[in-house]
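Here's the letter readout for the chains.
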Amino acid sequence: MALKDAKAGTRNEAGISAVLGILKQSFGERFQTGQSFREQHAHTTTYIPPQLPDGVLFAESADDVKAVVRACAIHKVPVIGFGVGTSLEGQVNAANGGISIDFSRMNRVLEVNPEDLDCTVEPGVTREALNIHLRDTGLFFPIDPGANASIGGMASTRASGTNAVRYGTMKDNVLAVTAVTANGEEIRTARRARKSSAGYDLTRLFVGAEGTLGILTSVTLRLQAIPQKIAGGACAFPSIKAACDAVIMTIQMGIPVARIELLDTVQIRACNAYSKLSYAESPTLFLEFHGTDETVPLQSAGFGEIAAECGGGEFLWTANAEERTKLWKARHDAYWSARALAPGLAALSTDVCVPISRLADCVSETQADIETHGMLGPIVGHAGDGNFHVLLLFDDKSAEDIAKAEGFVQRLNRRALDMDGTCTGEHGIGQGKMAFLEQELGGTVDLMRQVKQALDPDNIFNPGKIFHQG
């Protein structure tokens, strides 16, 4: 991460002034320009400085979105989509000023098709709200990034999370989107069919575009049947390598694990203190299995044998819902438990992803890097797909600490790329990882710029994200 990439762009003061007047007249109290509203719609999740929009529109329909985009297109003013603000790389910052579209009121489930295992939702629906809505259908939406993110935001950042090893990421679970493009018109990228060979795959182009190509107004999702039986548990290992070896063997043996999360010793210590647990302070895997009354015990026993072969401790699994909830609540609270290790310090959350055969090497080298430079950085990982996160704790008022933190992130990303990995498995590029995207893909980024130029010639959609245009 480099703060220089989070620089402010050129503001179109005349255009912004004109759009503020138009939107205030059109939307009244649903359009806000007060300081507190603007501050709530800028990036504050990590240490990237917030860059405030000039106004916030609380959209209630696709027609509202079209009206905003048309006004912004005429006057060449930036427009930034805002879900619930959980992105980690500055995606919702208004680098060039402009208008933030808040989707919290576009929170309707538009259609559920139980027979086809799909649904269509507005972008402001959160994943927890969707699963509550689906509960009586026997279906659920499996993508779980930890935070109660909005579906539109999850699609825009190509989110994944703890269930990705079994159910894939957002790119695998979005069937279609509708989006408002730079001419203010709404397009639909696909129908509900499970597969299609009809033209370009525009759905996947918009999924992960971080709002730089258009504004999503609906998302059509794949759903899954709620498993008959769910079991989970934890298993300690003597080393990161032993834990990762168990992960690799589990995947290679075809055991259909739903979640397999790696927590290093520092993170386990933090979870024990914060979530009132009593796990051994050593590298640990949290696991969950989905299936039937017959298959889940077999899967759990199979993993137990693998764990023992890799030197792990006893795998104690349970199908008790309350105990499983406590386990995964602790995992989802990993951010807060890590922050509690040093309450006075700032936090920088970053992620990389490597082939799982290199996960042990990458995590071990990263741990050594943290220790060598005298830093504090617990590690958690979606071990089943080679993705891990470091929450680096540092003094953001110290130039020396900031330099150490940025140097660490640079080395971490270089390490992942040298192992044929990626600079981000699920956080996205935003402002914080633009330099690493260039290192990862080289001239391919120029092709991305051409796509952006073709779809958004005036660069009004979330400028200053993913790459600098021009």
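The protein chain is annotated in an unreviewed UniProt entry as D-lactate dehydrogenase (cytochrome) of Rhizobium leguminosarum bv. trifolii. For the protein chain, the Sequence similarities (unreviewed entry) comment in UniProt is given as "Belongs to the FAD-binding oxidoreductase/transferase type 4 family."

Note: strands within a sheet are paired through backbone hydrogen bonds, in either parallel or antiparallel orientation. Sheet architecture is open: 7 strands sit in the order E15-E12-E14-E13-E17-E18-E16, paired in antiparallel fashion. Looking along the sheet, the strands with just one partner apiece sit at the ends: strand E15 (316-318) and strand E16 (346-353). Across the sheet, the mean angle from the axis of one strand to that of its neighbour is 15 degrees, orientation sign disregarded. As defined by bridge partners, strand E13 (residues 257-263) adjoins strand E17 (residues 379-382) across 3 bridges and the pair is classed as antiparallel. If you follow Leu262 over to E17, its bridge partner there is Gly381. On the sheet, helix H9 (residues 240-252) packs against E13 and strand E14 (284-291) and is oriented at approximately 170 degrees with respect to E13.

With that out of the way, let us pick up helix H17 (residues 444-455). Spacing of three or four residues puts side chains on the same side of an α-helix, whose turn is 3.6 residues. The first and last C-alpha atoms of H17 sit 17 Å apart over 12 residues, in line with the 16 Å expected at 1.5 Å per residue. Among the residues making up H17, those that are buried are Val445, Arg449 and Lys452. Along H17, the residues classed as buried sweep out an arc of 60 degrees about the axis, all on the same side. Residues of H17 that are exposed and point more than 90 degrees away from the buried face comprise Leu447, Gln450 and Ala454. Buried residues along H17 sit in contact with helix H16 (434-441).

Attention now moves to empty space enclosed by the protein. Within the structure shown, the criterion is met by 1 cavity of 30 Å³ or more. The volume enclosed by the largest cavity comes to roughly 30 Å³. What lines the largest cavity is simply Ser156, Phe206, Ala209, Glu210, Gly211, Gly214 and Leu216. Across the lining of the largest cavity, the residue classes tally to 3 nonpolar, 3 polar and 1 charged.

Let us look at the pattern of salt bridges. Taken as a whole and judged by the stated rule, the model has 31 salt bridges. The salt bridge involving Lys433 is made with Asp351; its shortest N-O contact spans 3.9 Å. Taken together, the residues span a long stretch of sequence, with Lys433 in the loop between helix H15 (399-418) and H16 and Asp351 in strand E16 at a distance of 82 residues. Here Arg415 ties to Asp369 by a salt bridge, and the two come within 2.8 Å at their closest N and O atoms. With Arg415 in helix H15 and Asp369 in helix H14 (residues 359-372), this residue pair connects regions lying 46 residues apart in the sequence. For the pair shown, Arg415 and Asp369 are each scored as buried. Here the salt bridges do not stand alone but share partners, grouping Arg127, Glu128, Asp144, Arg259, Glu288 and Arg324 into one network.

Moving on, we get to the packing of H9 against helix H11 (residues 295-309). Between H9 and H11, whose axes approach to 9 Å, the crossing angle comes to 140 degrees. Classified by the angle between their axes, H9 and H11 sit oblique to one another. As H9 runs across H11, the sense of the crossing is right-handed. Listed contacts from H11 to Ala246, Met249 and Thr250 of H9 are Phe303, Ile306 and Glu309. Partitioned by chemical class, the residues of the contact of H9 with H11 number 4 nonpolar, 1 polar and 1 charged.

Moving on, we come to the UniProt feature "domain: FAD-binding PCMH-type" (unreviewed entry) in the protein chain. When the UniProt feature table is mapped to this numbering, "domain: FAD-binding PCMH-type" (unreviewed entry) covers residues 49-226. What you have in residues 49-226 is 24% helix and 24% strand, and the ends, taken at the C-alpha atoms, are 41 Å apart.

Let us look at the nonpolar core. The biggest cluster of nonpolar side chains holds 54 residues, and the ones touching the most others in it are Phe237, Leu285, Phe303 and Phe388. When neighbours within four sequence positions are excluded, Phe388 is seen to be in contact with Thr350, Asp351, Val352, Leu359, Cys362, Val363, Thr366, Ile379, Val380, Gly381 and Leu412. Residues Ile143, Ala155, Leu216 and Val219 belong to the second largest nonpolar core, which totals 25 residues.

Taken in spatial order, the 4 strands of this open sheet run E1-E2-E4-E3, and their pairing is mixed. Sheet topology places strand E1 (31-32) and strand E3 (79-82) at the edges, where each strand pairs with a single neighbour. For E1 and strand E2 (residues 55-58), the ladder comprises 2 bridges, and the chain directions are antiparallel. Residue pairing across strands places Phe31 opposite Leu57, the latter belonging to E2. Helix-sheet contacts for helix H3 (residues 62-75) involve E2, E3 and strand E4 (99-102), and the interaxial angle to E4 is about 170 degrees.

The next subject is H9. When the terminal C-alpha atoms of H9 are compared, their 18 Å separation across 13 residues agrees well with the 18 Å that a helix rising 1.5 Å per residue should span. For H9, the complete set of buried residues consists of Ile240, Ala242, Ala243, Cys244, Ala246, Val247, Ile248 and Thr250. The secondary structure elements touched by the buried residues of H9 are E13, E14, H11 and H14. Gly254 sits one or two residues past H9 and shows a positive phi near 75 degrees.

Turning our eyes to something else, we now look at unusual backbone geometry. Here Asn459, not a glycine, exhibits a phi torsion of approximately 55 degrees, which is positive. Judged by its relative accessible area of 24%, Asn459 falls in the partly exposed class. Here Ile466, not a glycine, exhibits a phi torsion of approximately 70 degrees, which is positive.

On to the side chain of Lys66. Inspection of the secondary structure assignment puts Lys66 in helix H3. Not counting the four nearest positions on each side in its chain, Lys66 is found in contact with Val180, Gly184 and Glu186.

Right, let's talk about the layout of surface pockets for a bit. Of the volumes computed, that of the second largest pocket is approximately 720 Å³. Arg158, Val207, Gly208, Ala209 and Met448 are the residues nearest the centre of the second largest pocket, which is lined by 33 residues in total. Of all the elements in the fold, those that place two or more residues in the lining of the second largest pocket are helix H8 (202-206), H16 and H17. Per-element tally for the lining of the second largest pocket: the top contributor is H17, with 4 residues. Each residue belonging to the lining of the second largest pocket can be placed in one class, and the counts come to 14 nonpolar, 11 polar and 8 charged.

Here is what the cut-offs are and how they apply
As a convention, each chain's residues are numbered from 1 in the sequence order in which they are written. In keeping with the model being predicted, local features are shown solely for residues with a pLDDT of at least 70 and side-chain atom pairs are shown and tallied solely at 80 or more, while totals for entire chains, interfaces and linings include all residues. Hydrogens and water molecules were not included; the side-chain quantities draw on all heavy atoms of the structure. UniProt positions are given in the numbering used here, feature names are shortened, and annotations may be inferred rather than shown by experiment. Strands pair, by our definition, only if DSSP identifies at least two bridges between them. Helix numbering and strand numbering both begin at the N terminus, where a helix is a DSSP run of H or I of at least 4 residues and a strand a DSSP run of E of at least 2. Lines fitted to C-alpha atoms define the axes here, with helix axes fitted over just the stretch in contact, and angles between the N-to-C directions of these axes take values from 0 to 180 degrees. Two residues form a contact once any of their heavy atoms are found within 4.5 Å. Helix span, expected: 1.5 Å multiplied by one less than the number of residues in the helix. Three labels apply to residues, based on accessible area from a 1.4 Å probe with only protein chains included: buried if under 20% of the type maximum, exposed if over 50%, partly exposed otherwise in between. Relevant arc is that of directions from the helix axis to the C-beta atoms, nothing else. Detection works on a 1 Å grid of protein atoms alone, calling trapped sets that fit a 1.4 Å probe cavities and calling open sets with protein on both sides within 12 Å along at least five of seven lines pockets, with lining residues defined by an atom within 4 Å of a point. Grid points are joined across faces, edges and corners, and a volume is the space filled by probe spheres set on the points. Classification convention: Asp, Glu, Lys, Arg as charged; Ala, Val, Leu, Ile, Met, Phe, Trp, Tyr, Cys, Pro as nonpolar; all other residues, Gly among them, as polar. Between Lys or Arg on one side and Asp or Glu on the other, a salt bridge is scored when a side-chain nitrogen of the former is within 4 Å of a carboxyl oxygen of the latter. An angle below 35 degrees is read as roughly parallel, one above 145 as roughly antiparallel, one from 65 to 115 as roughly perpendicular, and any other as oblique. Note on convention: the crossing is left-handed when the near helix lies turned anticlockwise from the far helix by less than a right angle, right-handed when the turn is clockwise. Working definition of a nonpolar core: buried Ala, Val, Leu, Ile, Met, Phe, Trp, Tyr and Cys residues. They are joined through side-chain atoms within 4.5 Å.

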